[in-house]
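Coordinate analysis (summary)
Here's the letter readout for the chains.
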Amino acid sequence: MIAAPTPVLTDAEILARLLYRDGLMLILDKPAGLPVHAGPKGGPVLDHHLDALRFGLPHPPALAHRLDKDTSGCLVLGRHRKATATLGELFASGKVSKTYWAVVEGGPAQDEGRIDLPLAKRSAQRGWWMKVDPAGQPAQSEFRVLGRAGGLAWLELRPLTGRTHQLRLHCSASGFPILGDAIYGTAGRGPEAPPLHLHAHAVSVPLYPKKPPVAAEAAAPPHLAETLRRFDPRPAG
């Protein structure tokens, strides 16, 4: 499989990826390869499409959290400043439940468990790159094996904390890097390297105190769905 280029999407295509909308919040299925913010190299970014998601409000929505460029799936946005602040507090306090799917090289010996490894920035020059560091911030992730095939494992991952690159580094440091991870994995960065196999499959947001949490699920992107067929002949969803 060849890593996909940054997708160039129209506003209509972004609108079609909307999973949930109410007066305070949007949940969007972010495509793999699309950065949420502009970088030094330029190119398409989600920020360019936020005005199309106003739905009559005077200002565009804002991100309540972030996903890496190459991670696909559920992305939560606040529709105005107060809503975004409330959502940010829910994410920061760990009250938002996030479920990821990942395909990893090898796999854990156990079918389920918890990874507890503190993380810190690798260096000031490395920006977002992280490392396992006993003096770093606490970080915990739960995993469950959904399938094993051909030297790969399909994992359900639940981050209990929200550190940068947490799931990617936790898997790598535990001996089963995520397939296609050019930073912490073994796939490299060449044109034949597979895309990152990490997907924000589901999110549950307890935004309204007297109502059940708002829940949404995003279908696996094409490159992940193709790999998941090794584990189950049914189409991945």
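Below is a short write-up of the structure. None of these values were measured; they are calculated from a predicted model. (Residues numbered from 1 in each chain as written. Predicted model: local features only at pLDDT ≥ 70, side-chain atom pairs only at ≥ 80, totals over all residues. Heavy atoms only, no water.)

1. Description of the side chain of aspartate 22
- Note that aspartate 22 resides in the loop between β1 (18-21) and β2 (25-30).
- Among buried charged residues, aspartate 22 stands out as having no salt bridge; its nearest opposite-charge side chain is arginine 79, 6.2 Å away.
- Within the structure, the side chain of aspartate 22 is placed 2.6 Å from the side chain of tyrosine 20, a separation counted as a polar contact.
- Residues within four places of aspartate 22 in sequence aside, it is in contact with Arg79 and Tyr208. (Helix = DSSP H or I, 4+ residues; strand = E, 2+ residues; numbered from the N terminus. Buried < 20%, exposed > 50% of the residue type's maximum accessible area, 1.4 Å probe, protein only. Lys, Arg positive; Asp, Glu negative; His and termini not counted. Salt bridge = Lys/Arg side-chain N within 4 Å of Asp/Glu carboxyl O. Polar contact = N/O pair within 3.5 Å; in protein donor to acceptor, adjacent residues only side chain to side chain. Contact = heavy atoms within 4.5 Å.)

2. Topic: the packing of aromatic side chains
- Tallying each qualifying case throughout the model produces three aromatic pairs.
- Plain terms: the ring middles of tryptophan 101 and tryptophan 154 are 5.3 Å apart, the flat faces sit at 90° to each other, and that makes the pair edge-to-face. Remark: tryptophan 154 occurs in strand β10 (residues 152-159) and tryptophan 101 occurs in strand β5 (residues 97-105); sequence separation between them is 53 residues.
- Tryptophan 101 gets classed as buried once you look at its relative accessible area, which sits at 10%.
- Taking the relative accessible area as the measure of exposure, tryptophan 154 reaches 13% and is therefore buried.
- Relative to phenylalanine 176, the ring of phenylalanine 143 lies with its centre 6.1 Å away and its plane at 65°, an arrangement referred to as edge-to-face. Of this pair, phenylalanine 143 sits in strand β9 (residues 140-149) while phenylalanine 176 sits in the loop between α3 (166-173) and β11 (198-205), and the two are 33 residues apart along the sequence. Phenylalanine 176 matches phenylalanine 143 in its accessibility class, with the two residues each being buried.
- Three or more aromatic residues link up through ring pairs in this structure, and these residues are Trp101, Trp154 and Phe231.
- A cation over a ring is seen here: arginine 21 above phenylalanine 55, with NZ or CZ 3.9 Å from the ring centre.
- The aromatic ring of tyrosine 208 is capped on one face by lysine 211, whose charged end is 5.3 Å from the ring centroid. (Phe/Tyr/Trp six-rings, centres within 6.5 Å; stacked < 30°, edge-to-face > 60°. Lys NZ or Arg CZ within 6 Å of the ring centre and 35° of its normal.)

3. Describing the nonpolar core
- Among the nonpolar cores identified, the biggest contains 28 residues, and Leu46, Val104, Leu155, Leu157 and Leu198 are the most heavily contacted of them.
- Contact partners of valine 104, with chain neighbours within four places excluded, come to Gly151, Leu152, Ala153, Leu155, Cys171, Phe176, Pro177, Ile178 and Leu179.
- Counting residues in hydrophobic clusters, the runner-up holds 15 residues, among them Val76, Val96, Val214 and Ala216. (Core = buried A, V, L, I, M, F, W, Y, C linked by side-chain atoms within 4.5 Å.)

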